[in-house]
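# Geometric and topological summary
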Amino acid sequence: DGRGLVGGCFGLLDDDDDDDDEGPVVEEEAKGGGFDISSAKNSYDDDAEKTARPPPRPPAPLKTATAAAPLPPTTRDRGNKTFADGDFEGAIRLYGEALEDACAACSSEEEEDKNTAAAASKKKRAAALLRNRATSYLKLGLASEAARDCEAAVAADPANAKAKYRYAQALDALGSS
């Protein structure tokens, strides 16, 4: 009938030229007659009443990280917080405790040979703890202790660039003192 997709679907185009009361509501409003929503029903509304649609489904609950209970802070986390607060002696103590815990959790060499990925992960964790403790030693001006921890960190994880950098800092501090 020539209405086009959008106009035909919503009854926006009216092709017949006779002036009956079925014209758009906008004409009535322009004449000052006001707008009455109850008289504005069109064929689209009638079709909608005939086809009952099921109610919309509620959205699925979002899975967020906050849904799980937060883990208690580890000794390393407490060491990091203590370091950030400027208590370097306390951080050294906490990193030392975390190293002891990590070493106690280490399995025998036979088990490490069976699972090389787990062994590498444990070595990286130990290297990070040693590196953090070395940084605390450097903040206190204890370069020889820092160099010792960095040397052990590099031995545990040769790819650890931060440990190598801290080791260089410690050696530089030893050379300048």
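Residues numbered from 1 in each chain as written. Predicted model: local features only at pLDDT ≥ 70, side-chain atom pairs only at ≥ 80, totals over all residues. Heavy atoms only, no water.

Let us look at the overall build of the chain. In terms of regular secondary structure, the chain is built from 9 helices and 0 strands. Going from the N terminus to the C terminus, the chain shows its helices and strands as α-α-α-α-α-α-α-α-α. Residues classed as buried in the chain amount to 20% of the 177 residues present. Here the chain has roughly 13300 Å² of accessible surface; of this, 55% comes from carbon and sulfur atoms. (Helix = DSSP H or I, 4+ residues; strand = E, 2+ residues; numbered from the N terminus. Buried < 20%, exposed > 50% of the residue type's maximum accessible area, 1.4 Å probe, protein only. Areas by Shrake-Rupley, 256 points an atom, 1.4 Å probe, with all protein chains shown as cover.)

With 16 residues, helix α9 (residues 161-176) extends 23 Å from end C-alpha to end C-alpha; this agrees with the ideal 22 Å at 1.5 Å per step. Its side-chain oxygen placed 3.2 Å from the backbone nitrogen of Lys162, Asn160 serves as the N-cap of α9. (Expected span 1.5 Å × (residues − 1). Polar contact = N/O pair within 3.5 Å; in protein donor to acceptor, adjacent residues only side chain to side chain.)

Our next topic: the nonpolar core. Listed in full, the 10 residues of the largest apolar core are Ala91, Tyr95, Ala98, Leu99, Ala126, Ala127, Leu129, Leu130, Ala153 and Ala163. Secondary structure elements with two or more residues in this core: α5 (88-105) and α7 (116-139). When residues no more than four places from it in sequence are discounted, the contact partners of Ala153 are Ala127, Leu130, Arg131 and Ala163. Counting residues in each nonpolar core, the second largest holds 7 residues, with Tyr137, Ala146, Cys150 and Ala170 among its members. (Core = buried A, V, L, I, M, F, W, Y, C linked by side-chain atoms within 4.5 Å. Contact = heavy atoms within 4.5 Å.)

Attention shifts here to the pattern of salt bridges. For the coordinates displayed, the defined rule picks out 4 salt bridges. Between Asp85 and Lys81 there is a salt bridge whose closest N-O contact spans 3.0 Å. As far as the burial class goes, Asp85 and Lys81 line up, both exposed. Of the charged contacts, one joins Arg133 and Asp149 as a salt bridge, the two residues approaching to 2.6 Å between their closest N and O atoms. Of this pair, Arg133 sits in helix α7 while Asp149 sits in helix α8 (residues 143-156), and the two are 16 residues apart along the sequence. Across the pair, exposure class does not vary: Arg133 and Asp149 are buried alike. (Salt bridge = Lys/Arg side-chain N within 4 Å of Asp/Glu carboxyl O.)

The values are spatial; any link to function lies outside them.
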